[in-house]
Amino acid sequence: MDGRLFRFAARNLSNSCYNRSMLVTEKYKEKGCCELKKTKKIIVLVLAFAMILSLAACSKKPIDYKDFKDIMEDEFDFEVTKMSADKGVDKSYYAMDEDYEYTVTYTLFDDEEDAEEQIEDMIDEIEKDIKKDRFDGDFKKSGSGSYKKLVANGEDEDGNDIYIVVIRSKDMIITAMTDSTKKSDIKQIDDIIKKLGY
């Protein structure tokens, strides 16, 4: 092979290898850049989700009994009555509309453990009633930690309709119920719970 031809071939081979290595490097950079973009997106989504959860947790704080009373009287025109406090209960109220179709109770316990014990007893009773065919319908539980929500919608063993929502937030339990499963009555109970902040 002629010297000039050899140098030409070597230069072309060298340029070809350099171009290939640059192409591989660029593809690697692009891939790395995409991976970095994906990682950033995942981090942003995780942080946004954490923020939403913290905001949701903040909104599940117990309502003050004065606020409960004001909302029930002013927003729904219910009559609010103080009940005698049982053992482990600090304050207890019930509210009823003038037609006695809806009942809402507010109980503030001495501590969170008493409220937790009460809500667990409620869950056990409803689940026993379902197993023993004393309640026929839907029963849903949600929430975690110091917040729980129970919803029962169905019929008791005597054929009476019932819709009940129970909220536990820390040391407080709210119960809203009606002896109807009509959509309008369910909506009224749901509206009460929403107005109370849950």
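Look up a bit, the structure's there.
Note on numbering: residues in each chain are counted from 1, in written sequence order. Side-chain atom pairs in this predicted model are given and counted only at pLDDT of 80 or more, local residue features only at pLDDT of at least 70, and totals for whole chains, interfaces and linings cover all residues. For the side-chain quantities, the full set of heavy atoms in the structure was used; hydrogens and water were omitted.

Caption draft 1: Structural view of helix H2 (residues 65–75). Buried residues of H2: Phe68, Ile71 and Met72, and no others. Looking down the long axis of H2, one finds its buried residues gathered within 90° of arc, a one-sided arrangement. Exposed residues lying more than 90 degrees from the buried face of H2 are Lys66 and Asp74. On the buried face of H2, the contacting elements are strand E1 (79–82), strand E2 (89–96), strand E3 (102–109) and helix H4 (183–195). Between the side-chain oxygen of the N-cap and the backbone nitrogen of Lys66 there are 2.9 Å, and the N-cap of H2 in question is Asp64. Only DSSP runs of H or I covering at least 4 residues are called helices, and only runs of E covering at least 2 are called strands; the numbering of each starts at the N terminus. Note on H2: the residue one or two positions beyond its end, Asp77, has a positive phi of about 60°. Relative accessibility under 20% of the residue-type maximum defines a buried residue, over 50% an exposed one, and the middle range a partly exposed one, all with a 1.4 Å probe and only protein chains included. Taking the helix axis as origin, the arc is that swept by the directions to the C-beta atoms. Any two residues having at least one pair of non-hydrogen atoms within 4.5 Å are treated as being in contact. Whenever a nitrogen or oxygen atom comes within 3.5 Å of another N or O atom, the pair is scored as a polar contact, on the condition that within protein one atom can donate a hydrogen and the other can accept it, and that pairs from neighbouring residues in sequence are kept only if both atoms are in side chains.

Caption draft 2: How the structure looks around the sheet that holds E3. With antiparallel pairing, seven strands are arranged side by side in an open sheet as E1-E2-E3-E7-E6-E5-E4. Bordering the open sheet on either side are E1 and strand E4 (135–142), each of which pairs with just one other strand. Between one strand axis and the next, the sheet turns by 15° as a mean value, whatever way the strands run. The pairing of E2 with E3 spans seven bridges and is classified as antiparallel. Counterpart to Val89 in the pairing with E3 is Phe109. Angles run from 0 to 180 degrees between N-to-C directions of axes, and those axes are lines fitted to C-alpha atoms, restricted for helices to the stretch in contact. Contacts from H4 reach E3, strand E5 (147–156), strand E6 (161–169) and strand E7 (172–178), with the element oriented near 10° to E6. Pairing between two strands requires that DSSP report at least two bridges joining them.

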